[in-house]
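# What the coordinates show
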Amino acid sequence: MTARNVFVLTGAGISAESGLGTFRDPGGMWRKFDPMKLATPEAFTADPSLVHEFYNLRRKGVRVAQPHAGHRALVDLADILAGRGGRLTLCTQNVDDLHERAGSRDVLHMHGRLLSARCVSCSSSTTWDVDLSTQTPCPHCGHRGGMRPDVVWFGEIPRHLDEIGEAVREADLFVAIGTSGAVYPAAGLVDRAKRLGIRTCEFNLEPSDNADLFDEAEYGPASEIVPAFVRHFKDARAGRGRTDRSTGIVKS
Ligand code: OAD
């Protein structure tokens, strides 16, 4: 059997070669800045201008970043799986829109989106690609001072958890790309998959914190190893190479 329903979890590593910094690598954002002062509801209450400054800079970075071959390969993977009557569930911890700009649809952003702003007063979300400040009025209710980045901060509940749980249960292959496995609940998904008997693969620059939970691993830059992985699927479809019975990965 080749994989038909694939669950892919991506992290900051897939966007690293697009110029967006990771968090925990040497030089990563949380090596330079204290996340408790920038990425918590308490930080926003204590110093909203500082939090806005941090996210305004990151928003600018996202606007100029471009998706790479790794992002684009996941679009191909969705097409290949659809052709087999299956599906790709693409779940990301990233707040950038590089998967969407590569062409992926229905991406589950479990940590929210940077190009969206939310009003703490009326809870409405608005597509947002410019700076936010403590004086920005909500376009819906007009309240000033309550617009915040529409991202999930430490201490807040990640999004789409029911949908994610269901998609993992239905998957026959779980793939993690460019994530250190340090932040839960995302980091716990591989364990859940493993307990369900689902085959697990890791694609990363180096072994992640939970590398021992993966059945297979490939280490290298995402722009190279993700397209190579998807090529295996293409070859399997074309009947070339020796197909791994569970993953559909072709070993030449
Ligand atoms: P991390 O910075 O913790 O991990 C990034 C991973 O990507 C590391 O394991 C790197 O080895 C790997 N990596 C770096 N460059 C790569 C490349 N070119 N190709 C492949 N892999 C590469 O980032 P995340 O695991 O995504 O949450 O972090 C999870 C969450 O922690 C983020 O969503 C964010 C952060 O705090 C919130 O802000 C709530």
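Above this text sits the structure in question.
Being a predicted model, the structure only gives us computed values, none of them experimental.

A word on the layout of surface pockets. Volume-wise, the second largest pocket comes out at about 330 Å³. As for the second largest pocket, its lining consists of 16 residues, and the residues nearest its centre are A78, L88, T89, R105 and D106. At the level of elements, helix 6 (69–83) and strand 2 (87–92) are the ones that each hand at least two residues to the lining of the second largest pocket. It is helix 6 that contributes the most residues to the lining of the second largest pocket, five residues altogether. Each residue belonging to the lining of the second largest pocket can be placed in one class, and the counts come to seven nonpolar, four polar and five charged.

Before going further, it helps to examine empty space enclosed by the protein. Here the structure, examined in full by the defined rule, presents two cavities of 30 Å³ or more. Lining the largest cavity are L9, F174, A176, T179, G181, A186, A187, V190, E202, S208, N210 and F214. Looking at side-chain class alone, the lining of the largest cavity contains seven nonpolar, four polar and one charged residues. In this structure, the second largest cavity spans a volume of roughly 40 Å³. Forming the walls of the second largest cavity are N5, V6, F7, R87, T89, A167, E170 and A171. The set of elements that each furnish at least two residues to the lining of the second largest cavity consists of strand 1 (5–10), strand 2 and helix 8 (161–170). Split into classes, the residues belonging to the lining of the second largest cavity amount to four nonpolar, two polar and two charged.

Looking now at the packing of aromatic side chains. Inspection of every chain in the model, using the stated rule, returns nine aromatic pairs. Centroid distance Y55 to W153: 6.2 Å. Interplanar angle 50 degrees. Geometry classified as tilted. Taken together, the residues span a long stretch of sequence, with Y55 in helix 5 (residues 48–64) and W153 in the loop between strand 6 (147–151) and helix 8 at a distance of 98 residues. We note that Y55, like W153, is buried. A centroid spacing of 4.7 Å and a plane angle of 45 degrees characterise the contact between F203 and F229, whose relative ring orientation is tilted.

What counts and how
Residues numbered from 1 in each chain as written. Predicted model: local features only at pLDDT ≥ 70, side-chain atom pairs only at ≥ 80, totals over all residues. Heavy atoms only, no water. 1 Å grid on protein atoms, 1.4 Å probe; cavity = no way out; pocket = protein on both sides within 12 Å on 5 of 7 lines; lining within 4 Å. Points joined across faces, edges and corners; volume = space filled by probe spheres on them. Helix = DSSP H or I, 4+ residues; strand = E, 2+ residues; numbered from the N terminus. Nonpolar A, V, L, I, M, F, W, Y, C, P; charged D, E, K, R; others polar. Phe/Tyr/Trp six-rings, centres within 6.5 Å; stacked < 30°, edge-to-face > 60°. Buried < 20%, exposed > 50% of the residue type's maximum accessible area, 1.4 Å probe, protein only.

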